[in-house]
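Single-letter residue listing:
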Amino acid sequence: MNKLYGLIGHPVGHSMSPLMHNDAFRQLGINGHYHAFDVREEKLSEAVNAMRVLNVTGFNVTIPHKVAIMNYLDEIDEEAKMIGAVNTVVNIEGHLIGYNTDGRGYLTSLLRLLKKPLKDSNILVIGAGGAARAVVIAMATHGVAELTITNRTREKAVMIQNHCKKIRQDINVIPLDNAKKIADKYDIIINTTSIGMSPNIDAIPFPIENIKQKAILSDLIYNPLKTKWLELGEKKGLTIHNGVGMFVEQGVLAFQKWTNQKPNSERMTEVVIEKLGGSTC
Ligand code: ATR
């Protein structure tokens, strides 16, 4: 029987998930179809119930429903609870289980790039929204030498710091101006804000000047594929890492939860990059 998978969010018109997952189904000879459902906030509860009764085998959840969906699920995995958001749901005979694959997806993608162990790295995370929370939890769980959050609104960074005390007690929170002054101490600088995202492609989240030559600039944004920030970093000779890897790997992890099969992440990356009209970095 053809199994149905999907995405609920609003808007979903530009999502690359249907393309990526449907290609993976074809590659693996799985009789499945992934569809993007445009669901407005006031219809979320009905939509989740529809997924349940229509026997949609698994689905992703995106903006603006990642937090609200938790109210309508039957079970939530510990990591998703910790992150406070769900991006993947598995439907087992009407019993809906929520997971979050964003943080691990990011970690998988970053680890591929590293020459020095992550455990020995000093990390700076810029931003303190939902994406930052997933990244900080993934880093704290994996283990890094030092973990620092900087954000325009300090209180939000402190909220993540407090929230993560169970996993790590020594996460630093510092003002952006201080982080800029000591930028040369960080091995990996991660932008989790939307600064530089299309259409505001000339904005950068953090100055490049003081960042050391061996550092990695990691931007969660994938549209554009190379943000202005990454472009400037590359010009300086830094290693750059864009958001495609996180997007693909969160999808790989979701796909595995739904099908127990591992899709080819290189192929998925190619499909996504081709759609975005660029080359990889
Ligand atoms: P997401 O869930 O995708 O992470 P979010 O919750 O809106 O999105 O968080 C976005 C983060 O980017 C926030 O930390 C935000 O800073 P504030 O906490 O001060 O709001 C940060 N951010 C977004 N646009 C920004 C800008 N122009 N300058 C500085 N920080 C910005």
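Bear in mind that the values here come from a model prediction, so they are computed numbers and not experimental data.

## Side note on the pairing of strand β11 (residues 216–219)
- Every second residue of β11 is oriented toward a common face, with Ile216 and Ser218 on one face and Leu217 and Asp219 on the other, all of them buried.
- Pairing of strand β10 (residues 188–191) with β11, which is carried by 4 bridges, proceeds in the parallel orientation. Paired with asparagine 191 across the two strands is aspartate 219, which belongs to β11.
- Where β11 and strand β12 (residues 239–241) come together, 3 bridges link them in parallel fashion. Paired with leucine 217 across the two strands is isoleucine 240, which belongs to β12.
- The parallel pair β11 and β12 is bridged by helix α8 (residues 228–236), and the resulting crossover is right-handed.

## Overview of the packing of helix α9 (residues 244–259) against helix α10 (residues 265–276)
- Running from amino to carboxyl end, α9 crosses α10 at an angle of 130°, the nearest separation of the two axes being 10 Å. By the criterion of interaxial angle, the relationship of α9 to α10 is oblique. The interaxial crossing formed by α9 with α10 has right-handed handedness. On the side of α9, the interface is formed by Val244, Phe247, Val248, Glu249 and Val252, while α10 contributes Ser265, Met268, Thr269, Val272, Ile273 and Leu276.

Cut-offs used in this document
Residues numbered from 1 in each chain as written. Predicted model: local features only at pLDDT ≥ 70, side-chain atom pairs only at ≥ 80, totals over all residues. Heavy atoms only, no water. Buried < 20%, exposed > 50% of the residue type's maximum accessible area, 1.4 Å probe, protein only. Helix = DSSP H or I, 4+ residues; strand = E, 2+ residues; numbered from the N terminus. Pairing = 2+ DSSP bridges. Right-handed = clockwise from strand over helix to strand, strands pointing away. Axes fitted to C-alpha atoms, helices over the stretch in contact; angles between N-to-C directions. Parallel < 35°, antiparallel > 145°, perpendicular 65-115°, else oblique. Left-handed = near helix turned anticlockwise from the far one by under 90°. Contact = heavy atoms within 4.5 Å.

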